[in-house]
Structure formats: C-alpha cells, structure tokens
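Each chain, written out:
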Amino acid sequence: MGIFNPGGGTGSHPRARAERLELLIGLLGFFTLMAFIQTLVLELRGQNAVGAALLLAGLVAALYLAWRARRKVKL
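The paragraphs below set out a description of the structure included in this document. (Residues numbered from 1 in each chain as written. Predicted model: local features only at pLDDT ≥ 70, side-chain atom pairs only at ≥ 80, totals over all residues. Heavy atoms only, no water.)

**Side note on helix α2 (residues 50-72)**
Heads up, the condition is: Secondary structure elements follow DSSP: runs of H or I no shorter than four residues count as helices, runs of E no shorter than two count as strands, and numbering proceeds from the N terminus. The span you would expect from a helix comes to 1.5 Å times its residue count less one. A simple rule labels every residue: compare its accessible area, found with a 1.4 Å probe on the protein chains alone, to the largest value its type can have, and call it buried under 20%, exposed over 50%, or partly exposed in between. The criterion used for residue contact is that any of the two residues' heavy atoms lie within 4.5 Å.
Across its 23 residues, α2 extends 33 Å between first and last C-alpha, which sits within 8% of the 33 Å expected from 1.5 Å per residue. Taken together, the buried positions of α2 are occupied by Ala52, Leu56, Leu59, Ala66 and Arg70. Looking at the buried positions of α2, the neighbouring elements they touch are α1 (14-45).

Rendered as structure tokens:
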C-alpha cells in the first residue's frame, strides 16, 4: 500500500477514477483559460505570441484527452 495509492491494487474503483479525471479536467480547464487570455493579450498588443499559442495548443489537447478518458469511464 503506497502513499499515493491507499488501498493499493491495480484496479481502482470506477468512481474514484472518474473523480480524479474530473479534478484533472478542472485544473486543465483553468490553465487553458489563463493561457487563452495570455495569448489574446499578447496578440492584441502586437507582441510575439508563438510560445503562448503553443502552450495553449498543448493544454487544449491535454484537456480534450482527459475529457475523452472521463467519458470512457463506466460508472
């Protein structure tokens, strides 16, 4: 039984997995929104926004994958 996986075992309860994915989706959603605002501000100011846009694209992809994984969890 580990610190980060109390209860151990390879199979976790579907509800616990769904809750972890929902937490991840919430965190990714928040940081995706912040990256979007940052990219928008940089574009409107005429500054270089390539790095911010790449970060935003990565966060959107991660959010999409987490959302898809959450939909696959059977409760």
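So that's the structure; there's more coming.
**Remarks on the nonpolar core**
Counted only if it meets this: Nonpolar cores were defined as sets of buried Ala, Val, Leu, Ile, Met, Phe, Trp, Tyr and Cys residues, with membership established by side-chain atoms within 4.5 Å.
In this structure, Leu28, Ala35, Leu56, Leu59 and Ala66 together form the largest nonpolar core, which totals five residues. Those elements that provide at least two residues to this core are α1 and α2. Of all the elements, α2 adds the most residues to this core, at three residues. Sequence-distant contacts of leucine 59, that is, excluding residues within four places in its chain, are made with Leu28, Phe31, Thr32 and Ala35.

**Structural notes on the side chain of threonine 32**
Looking at where threonine 32 falls in the secondary structure, it is placed in helix α1. With near-sequence residues (within four places) excluded, threonine 32 lies in contact with Leu56, Leu59, Val60 and Leu63.

**Notes on the pattern of salt bridges**
This is how the line gets drawn: Salt bridge, as used here, is a side-chain nitrogen of Lys or Arg placed within 4 Å of a carboxyl oxygen of Asp or Glu.
Inspection of every chain in the model, using the stated rule, returns three salt bridges. The salt bridge involving arginine 15 is made with glutamate 19; its shortest N-O contact spans 3.5 Å. Here the residue arginine 15 and the residue glutamate 19 both occupy positions in helix α1, the gap between them amounting to four residues, near one helical turn. You can call glutamate 19 partly exposed: its relative accessible area is 46%. Glutamate 22 is the salt-bridge partner of arginine 15, the closest N and O atoms lying 3.4 Å from each other. Residue class for arginine 15 comes out partly exposed when judged on its relative accessible area of 31%. A relative accessible area of 35% means that glutamate 22 is categorised as partly exposed. Residues participating in the shared-partner salt-bridge network are Arg15, Glu19, Glu22 and Arg70.

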